[in-house]
Amino acid sequence: MPESSSSFSAESYFATQPPPPGLEHDIEGVKEFVRRQQEKGRNIVLVTSGGTTVPLELNVAYGQLRPSVRFLDNFSAGTRGATSAEYFLKAGYAVLFMHRQFSLQPFSRHYSHSTNPFLDFLEIEPGVEERSSFTASGAGSKGSQICVTLDKRETLLEVLTVYKAVHAAGTLHTLTFVTVNDYLWLLRAVSQELSVMKRKAMYYLAAAVSDFFLPRQKMAKHKIQSGKGSLHIEMDQVPKILKPMVDNWTGKDGFVVSFKLETDPALLIPKAETSLQRYGHQVVIGNDLNRRKFEVVFISWKDALPSSSIDTADSSSSFAESWLRIDPYDHNKEIEEDIVAELVKRHEMWIAGGTTSIKP
Ligand code: PMT
């Protein structure tokens, strides 16, 4: 049971909140994926991506829990996770991509319905017999061909070639979550499966996870009615799962990278350092919501790195700080390329026997 009405430990959370229905099936798929990658000798990275929802009411119909009418959500579209997954694949990693349903995914992200709708770069070429009498209503008639607009062809060909190659190699496995409850159950189960990879596993936690939730026991059984005036909801804190993840689920061997998101720049470094100190993992990547596309900071243990890769290191502190920046106006460059390159380097050191050395 919860320790208090607003605080769950990871243990009490999993003892009181039910698992999502598809969990066992998902984990069978993960097991098989991990086994195949192990055979090929590949490193695996688990990338979490997108935001979690927090349902405010239950909707049980025909014996199944269905999406509720009302829920809390957050801003994340999953850009960081989907983009990073592509660069990990390019670096030779097998990727377990655990993302919010309908958030961006590797490769298809280039053709998002809002920024680059794919129908806009397709053209219809009428068949020979229709050429003289083509009308809008005749589109799709016999002999018509679909072509890609000339100026989009090169990029599409590039994306499609890598996408097909990744599928042929079987190096990308996708899992979805919607609620914070789905996320927590899935994260625990996937991390436990991945722990057989020992140091060859990386955990890249880019999902924007809700800090508060409504336990099942406190949720209204049906749609909350509006006739009673204002609505007061007291939410419980989502348990901090990084500690059990680092110490238990991953078997202490995994290379764990978490993110710290802030809107107050003054909090970014102290909060990232506190997180590393508290959970004892390898790297925290700090990002300011408004600068995250062109600037991030890596916080790690000072003695886990060669001094040449540290920007700032207060001699009395155990932490090293290194910044990654790209030109905000260069639209052909993605900061995830540099984030992944840096992490791959550090993960290699970790596999070779490097240390975070300081455990809280
Ligand atoms: O999707 P984009 O628009 O590209 O945005 C990317 C991003 C800003 C969402 C991403 O870069 C980022 O910062 N993700 C983490 C945001 C967050 O939830 O931070 P946090 O301080 O609440 O959590 C810290 C870390 O612990 C995160 O790695 C989070 O995934 C993980 N966490 C947090 C709480 C919890 N209960 N479980 C977790 O796994």
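Please read all numbers here as calculations on a predicted model, not as lab measurements. (Residues numbered from 1 in each chain as written. Predicted model: local features only at pLDDT ≥ 70, side-chain atom pairs only at ≥ 80, totals over all residues.)

## Remarks on the overall build of the chain
Okay, step 1: Scanning the chain for helices and strands turns up eight helices and 16 strands.
Okay, step 2: Expressed as a percentage of its 360 residues, the buried residues of the chain come to 34%.
Okay, step 3: Of the contacts made within the chain by residues no fewer than 6 positions apart, 69% connect residues no fewer than 24 positions apart. (Helix = DSSP H or I, 4+ residues; strand = E, 2+ residues; numbered from the N terminus. Buried ≥ 20, exposed ≤ 12 C-beta atoms within 10 Å, placed from the backbone. Contact = placed C-beta atoms within 7 Å.)

## What to know about the site of the ligand
Okay, step 1: Taken together, the neighbourhood of the ligand is formed by 21 residues, with T79, R80, L205, S258 and F259 sitting nearest.
Okay, step 2: No other element matches strand β13 (residues 255–262), which puts four residues into the shell around the ligand.
Okay, step 3: Residues of the shell around the ligand, tallied by class, amount to 11 nonpolar, six polar and four charged. (Near = placed C-beta within 6 Å. Nonpolar A, V, L, I, M, F, W, Y, C, P; charged D, E, K, R; others polar.)

## Focus on the nonpolar core
Okay, step 1: If you look at the biggest cluster of nonpolar residues, it comprises 72 residues, and the most contacted ones within it are V47, V95, L96 and V257.
Okay, step 2: The residues that make up this core include at least three from each of domain 1 (1–107 + 166–253) and domain 2 (260–360). (Core = buried A, V, L, I, M, F, W, Y, C linked by C-beta atoms within 7 Å. Domains from an automatic or database assignment.)

## Quick look at the domain arrangement of the chain
Okay, step 1: Once the domains are mapped, the chain shows domain 1 (1–107 + 166–253) and domain 2 (260–360).
Okay, step 2: On a C-alpha basis, the centroid separation for the pair domain 1 and domain 2 is 23 Å.
Okay, step 3: Opposite the 14 residues of domain 1 that make contact, domain 2 presents 14 residues.
Okay, step 4: Taken together, the elements giving at least two residues each to the side of domain 1 that touches domain 2 come down to α3 (79–90) and α6 (242–249).
Okay, step 5: Among the elements that take part in the side of domain 1 that touches domain 2, α3 stands out by supplying five residues, more than any other.
Okay, step 6: Classifying every residue of the side of domain 1 that touches domain 2 gives seven nonpolar, three polar and four charged.

## So, the packing of helix α2 (residues 23–40) against helix α5 (residues 180–194)
Okay, step 1: Remark: α2 packs on α5, axes separated minimally by 10 Å, with the N-to-C direction vectors making an angle of 30°. Considered as vectors, α2 and α5 are oriented roughly parallel to each other. Remark: the crossing between α2 and α5 carries right-handed chirality. Counted together, L23, D26, I27, V30, K31 and V34 of α2 and W185, L186, A189, V190, E193 and L194 of α5 form the full contact between these two elements.
Okay, step 2: For the contact of α2 with α5, the residue count by class is nine nonpolar, no polar and three charged. (Axes fitted to C-alpha atoms, helices over the stretch in contact; angles between N-to-C directions. Parallel < 35°, antiparallel > 145°, perpendicular 65-115°, else oblique. Left-handed = near helix turned anticlockwise from the far one by under 90°.)

## Things to note about the sheet that holds strand β16 (residues 319–325)
Okay, step 1: Pairing is mixed in the open sheet, where eight strands are placed in the order β9-β6-β1-β10-β13-β14-β15-β16. At either margin of the open sheet sits one strand with a lone partner, and together these are β9 (172–177) and β16. Mean inter-strand twist for the sheet, computed between neighbouring axes without regard to direction, equals 20°.
Okay, step 2: Relative to strand β15 (residues 295–301), strand β14 (residues 283–288) runs antiparallel, the two sharing four bridges. Within β15, the position partnered with V283 by the bridge is S300.
Okay, step 3: Here α2 sits on the sheet in contact with β1 (44–49), β6 (94–100) and β9, set at roughly 160° to β9. (Pairing = 2+ DSSP bridges.)

## Some details on helix α4 (residues 150–169)
Okay, step 1: In this model α4 runs 29 Å from its N-terminal to its C-terminal C-alpha over 20 residues, within 8% of the 28 Å that 1.5 Å per residue would give.
Okay, step 2: Remark: the principal bend of α4, roughly 30°, maps to L156.
Okay, step 3: Burial analysis of α4 places just zero of its 20 residues in the buried class, which makes it a mostly uncovered element.
Okay, step 4: In the stretch just after α4, G170 is the one whose phi turns positive, near 65°. (Expected span 1.5 Å × (residues − 1). Bend = angle between axes of the 7 residues up to and from the residue.)

## Overview of the pairing of β14
Okay, step 1: Counting buried positions over the six residues of β14 gives five, a clear majority of the element.
Okay, step 2: Summarising the sheet, β13 and β14 pair through six bridges and their orientation is parallel. Note that in β14 the partner of K260 across the bridge is G286.
Okay, step 3: Crossover connection from β13 via helix α7 (residues 265–279) to parallel β14: handedness right-handed.
Okay, step 4: Where β14 hands over to β15, the hairpin turn is made up of six residues, counted between the paired strands. (Right-handed = clockwise from strand over helix to strand, strands pointing away.)

## A word on α6
Okay, step 1: When we look at burial in α6, the residues that qualify are L242, M245, V246 and W249. For α6, the angular spread of the buried residues around the axis is 130°, confining them to a single face.
Okay, step 2: Close packing links the buried residues of α6 with α5, β13 and α7.
Okay, step 3: Backbone geometry just after α6 places G251 at a positive phi near 65°. (Arc of directions from axis to C-beta.)

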